[in-house]
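Below are the chains, spelled out letter by letter.
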Amino acid sequence: MKNPICFIPFVLLALLPFAGESRAGETPEAILIRQSLSNDISGYRRADAELALSAYDERFVAYRGHANGDPRAWTILHENRDALQSQMATDLQARRYEVNRTVPFIAVRTTHAIATSIDSGQVVDRQSGAATPVQIQRLWILRKTEDDWLATAMVANLGDSLLPAVPGINGDIAELLQRE
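Residues numbered from 1 in each chain as written. Predicted model: local features only at pLDDT ≥ 70, side-chain atom pairs only at ≥ 80, totals over all residues. Heavy atoms only, no water.

**Section: the environment of Arg 64**
Here's step 1: Along the chain, the position of Arg 64 falls in strand β1 (residues 56–64).
Here's step 2: We classify Arg 64 as partly exposed; its relative accessible area is 38%.
Here's step 3: Along the sequence, Arg 64 and Leu 77 sit 13 residues apart, while their C-alpha atoms lie 5.5 Å from each other.
Here's step 4: The residues contacting Arg 64, other than those within four sequence positions of it, are Trp 74, Thr 75, Leu 77 and Ala 156. (Helix = DSSP H or I, 4+ residues; strand = E, 2+ residues; numbered from the N terminus. Buried < 20%, exposed > 50% of the residue type's maximum accessible area, 1.4 Å probe, protein only. Contact = heavy atoms within 4.5 Å.)

**A few points about the nonpolar core**
Here's step 1: Formed by 28 residues in total, the largest nonpolar core has its most connected members in Ile 33, Tyr 56, Met 88, Ala 115, Trp 140 and Leu 142.
Here's step 2: Of all elements in the fold, only α2 (28–46), α3 (49–53), β1, α4 (81–94), β3 (95–109), β4 (112–125), β5 (131–145) and β6 (148–156) reach the threshold of two or more residues within this core.
Here's step 3: With five residues, α2 is the single largest residue contributor to this core.
Here's step 4: Among all residues touching Leu 142, those that are not within four sequence positions of it are Ile 33, Leu 37, Thr 111, His 112, Ala 113, Ala 115, Trp 149, Leu 150, Ala 151 and Thr 152. (Core = buried A, V, L, I, M, F, W, Y, C linked by side-chain atoms within 4.5 Å.)

**Overview of unusual backbone geometry**
Here's step 1: Although it is not a glycine, Ala 47 adopts a positive phi angle of roughly 60°.
Here's step 2: Here Ala 47 shows up in the loop between α2 and α3.
Here's step 3: The class for Ala 47 is partly exposed, based on a relative accessible area of 37%.
Here's step 4: Phi at Glu 146 is positive, roughly 55°, even though this residue is not glycine.

**What to know about the pairing of β6**
Here's step 1: Most of β6 is tucked away, with eight of its nine residues classed as buried.
Here's step 2: Where β1 lies against β6, five bridges are found, and the strand directions are parallel. Pairing of Ala 62 across the sheet is with Met 154, part of β6.
Here's step 3: When β5 meets β6, the two strands line up antiparallel, connected through eight bridges. Along β6, the bridge assignment pairs Thr 145 with Asp 148.
Here's step 4: Between β5 and β6, which follow one another and run antiparallel, lie two residues, and Glu 146 among them has a positive phi close to 55°. (Pairing = 2+ DSSP bridges.)

Here it is as structure tokens:
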């Protein structure tokens, strides 16, 4: 039997066009998750690291997705919250974030949730004034602790491609996996 967990990224990406920014009758849990993810992006926009970090659990891990839906292709971006905090402090001093976040999908199961977000806008270098456009898709894994939803993991630059999932994969194997 195939591992159903491997198909989660595909299901999430397939649901993106059907999800709205905010839905009538949205659950209180979904509203709290949106608020947590809003605190993160607001912290970046305001250059307030404390506000941004309020959205992250102590056991947070961040991955770089490399525009790939296969977890085997992901690499660790930040191995813990402290690494994120250190990088964030440097980033907020050097860059100004003019970015908006859309949260098209949230799925909650008791104390755990997954969500997707799309960040778009621009990041401006504070020294030179040069602006770089950004469009980043993220997958968030969240956990509820007391009344707060905190991110325990995030995959930046998530994509829907599976090939090449593993560098150096044999072309015949890749073709077989794609057909499967």
